[in-house]
Amino acid sequence: MIKESKGGRRRRTSPTVSPRRQHSKLPPKDVFNDMMFVVGGWTQNDPSCLVEQFCPEYNEWRTAARMVNSRGQVAVGTLDGMIYTVGGEDHLRCYSSVERYNPDTDSWSTDVAPLSRPRSGVCLVEMDGYLYAIGGHDGIAAINTVERYDPKMNTWSKQAAMLTRRTRAVAAVLEGHLYVIGGNDGDMALNSVERYNPVDGSWSICAHMLSPRENAGCAVYLGRIYVAGGRDELNLELCGAEKFDPDNMRWTPVKRMRSKRDNMSLVVFNGALMAVGGSDGVTNLKTIEAYCHDTNTWRHFGSMKSKHPGGRVAVLC
């Protein structure tokens with residue numbers, strides 16, 4: 001779909017109409033700035049590493065270049081207009097390797113420094129021009145390790161460890177602090193939250209979520225941290241959602257999603273909060289829901305082409 005034009009600049013060609021075209025209610029064309037990718041996903045029955053990109057100008061999903069290594073429970077994050085995938089696992093082992101996707105060339109590279117040790121279920125977030133890889137499971141136990149990636153030096157460095165061991169947690173950056181939320185300590189799903197201050201490198205305990213959850217989706221939206229879906233301490237899939245207000249340091253409920261979604265992604269895309277994919281306990285979902293803050297409701301937005309069990313969504317602005 002992308003060809004070289006004269007002068008070496010890349011231009012996008014007009015596509016043919018896709019039979020899988022998704023009819024979604026979209027914002028006006030003048031706000032089509034974001035690019036949404038769903039990356040990876042792996043189960044023993046579905047060992048894929050598919051990557052899809054949603055093209056709002058054509059209102060459809062297109063297949064992008066696959067990751068080099070097939071893996072599930074992979075951490076996905078963005079930095080400097082690139083997508084990074086960190087760690088993950090297949091049916092044989094955990095990975096320490098890191099891959100980087102360049103949307104301009106639709107290609108993946110593996111020349112990124114690896115983590116200090118293999119782990120899956122990491123959460124990955126950008127803060128102050130660095131990537132933070134937080135927690136995870138090394139194949140034996142949940143860990144509290146935190147590493148920071150410097151893209152200029154292509155190196156990872158150890159940071160202060162979390163107060164709690166966590167795998168399959170979620171993370172968000174709000175008002176200069178890094179929040180790590182929920183996850184599993186190796187025995188049960190957690191509702192605890194801790195906050196990292198990059199100025200002094202310290203961790204502190206914050207208000208707990210209303211519900212324990214791991215494999216949830218998380219995003220910062222309208223100055224609040226939203227967390228949705230995942231599964232609870234009874235291993236039940238969740239459709240519930242909640243938000244954290246940094247002004248009063250409290251969690252409050254949000255309208256439940258239309259579907260239960262374990263292993264989902266929550267992202268802000270073109271100004272809208274969206275819940276993408278996941279599993280309802282019976283099947284892996286391709287559907288997307290969009291949240292309306294004014295009415296506190298969720299509506300059906302569309303569907304991806306493929307199922308991405310254990311995959312994650314990244315948005316490039």
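Provided above is the structure to which this section pertains.
These lines cover the structure that appears in this document, whether it is placed above or below. (Residues numbered from 1 in each chain as written. Predicted model: local features only at pLDDT ≥ 70, side-chain atom pairs only at ≥ 80, totals over all residues. Heavy atoms only, no water.)

Within the protein chain, the regular secondary structure consists of zero helices and 26 strands. Counting the 317 residues in the protein chain, one finds 53% classified as buried. A sequence separation of at least 24 residues applies to 50% of the contacts in the protein chain between residues at least 6 apart. Summing over all exposed atoms, the protein chain offers an accessible surface of approximately 14,300 Å²; the carbon and sulfur share of this is 47%. (Helix = DSSP H or I, 4+ residues; strand = E, 2+ residues; numbered from the N terminus. Buried < 20%, exposed > 50% of the residue type's maximum accessible area, 1.4 Å probe, protein only. Contact = heavy atoms within 4.5 Å. Areas by Shrake-Rupley, 256 points an atom, 1.4 Å probe, with all protein chains shown as cover.)

With respect to the helices, strands and loops of the structure, glutamine 73 is situated in the loop between strand 5 (60–64) and strand 6 (75–79). Ignoring anything within four residues of it in the chain, the contact list for glutamine 73 reads Gly88, Glu89, Ser120, Gly121, Arg168, Asn215, Asn263 and Gly310.

Counted under the stated rule, the structure contains twelve salt bridges. Residue aspartate 138 pairs with arginine 117 through a salt bridge whose shortest N-O separation is 2.5 Å. Highlighted residues: aspartate 138 in the loop between strand 11 (130–134) and strand 12 (146–150) and arginine 117 in the loop between strand 9 (107–112) and strand 10 (123–127), separated in sequence by 21 residues. Residue aspartate 138 is classed as partly exposed on the basis of its relative accessible area, which comes to 23%. With a shortest N-O distance of 2.8 Å, arginine 213 and glutamate 242 are connected by a salt bridge. With arginine 213 in the loop between strand 17 (202–206) and strand 18 (217–221) and glutamate 242 in strand 20 (residues 241–245), this pair connects stretches of sequence that are 29 residues apart. Among the residues examined, glutamate 242 registers a relative accessible area of 1% and is labelled buried. Bridged by salt links that share partners, the residues Arg168, Glu214, Arg231 and Asp262 form one connected network. (Salt bridge = Lys/Arg side-chain N within 4 Å of Asp/Glu carboxyl O.)

Okay, the packing of aromatic side chains next. Under the counting rule described, the total for this entry stands at 14 aromatic pairs. The interplanar angle of 45° and the centroid separation of 5.2 Å between the aromatic rings of phenylalanine 244 and tryptophan 251 together place this pair among those described as tilted. Side by side, phenylalanine 244 and tryptophan 251 carry an identical accessibility label, which is buried. Ring pairing ties together the aromatic residues Phe54, Trp61, Phe269 and Phe301, which thus form one cluster. Against the face of tyrosine 95 rests arginine 71, its NZ or CZ located 5.2 Å from the ring centre. The ring of tyrosine 95 is capped by arginine 93, whose NZ or CZ atom sits 4.2 Å from the centre of that ring. (Phe/Tyr/Trp six-rings, centres within 6.5 Å; stacked < 30°, edge-to-face > 60°. Lys NZ or Arg CZ within 6 Å of the ring centre and 35° of its normal.)

Here the focus is the side chain of threonine 167. Tracing the sequence through the fold places threonine 167 in the loop between strand 13 (155–158) and strand 14 (170–174). Not counting residues within four places of it along the chain, the set of residues in contact with threonine 167 comprises Ser120, Gly121, Gly136, His137, Ala142, Gly183 and Asn184.

All right, on to the environment of threonine 78 then. Tracing the chain through its elements places threonine 78 in strand 6. For threonine 78, a relative accessible area of 24% translates into the label partly exposed. Counting along the chain gives 53 residues from threonine 78 to leucine 131, while the straight-line C-alpha distance between them is 8.1 Å.

Strand pairing in a sheet relies on backbone hydrogen bonds, with the paired strands running either antiparallel or parallel. Spatially, the four strands line up as an open sheet ordered 5-4-3-26, and their pairing is antiparallel. Every interior strand has two partners, whereas the edge strands, strand 5 and strand 26 (312–316), have only one. Each neighbouring strand pair of the sheet contributes to a mean axis angle of 25°, computed without reference to strand direction. As defined by bridge partners, strand 3 (residues 35–39) adjoins strand 4 (residues 51–55) across four bridges and the pair is classed as antiparallel. Following the sheet pairing, phenylalanine 37 is matched in strand 4 by glutamine 53. (Pairing = 2+ DSSP bridges. Axes fitted to C-alpha atoms, helices over the stretch in contact; angles between N-to-C directions.)

Taking burial as the measure, the five residues of strand 23 (residues 272–276) include four buried ones, the bulk of the element. Pairing between strand 22 (residues 265–269) and strand 23: five bridges, direction antiparallel. When the bridges of strand 23 are listed, leucine 266 appears paired with alanine 275. What sits between strand 22 and strand 23 in their antiparallel hairpin is a turn of two residues, with asparagine 270 showing a positive phi close to 50°. Strand direction decides the pairing type here: strand 23 and strand 24 (residues 287–292), joined by four bridges, are antiparallel. Directly across from valine 276, in strand 24, lies its bridge partner isoleucine 288.

Taking burial as the measure, the five residues of strand 4 include five buried ones, the bulk of the element. Across five bridges, the pairing between strand 4 and strand 5 is antiparallel. Of the residues in strand 5, the one forming a bridge with phenylalanine 54 is tryptophan 61. In sequence, strand 4 turns back onto strand 5 through a hairpin of four residues, with asparagine 59 there showing a positive phi of about 60°.

Across the sheet, which stays open at both edges, the four strands sit in the order 6-7-8-9 with antiparallel pairing between neighbours. For this open sheet the edge positions go to strand 6 and strand 9, each flanked by a neighbour on one side alone. The sheet shows a mean angle of 30° between the axes of neighbouring strands, direction not considered. When strand 8 (residues 98–102) meets strand 9, the two strands line up antiparallel, connected through four bridges. Bridging from a neighbouring strand, asparagine 102 pairs with serine 107 of strand 9.

Take it as geometry only, folks, not as evidence of what the structure does.
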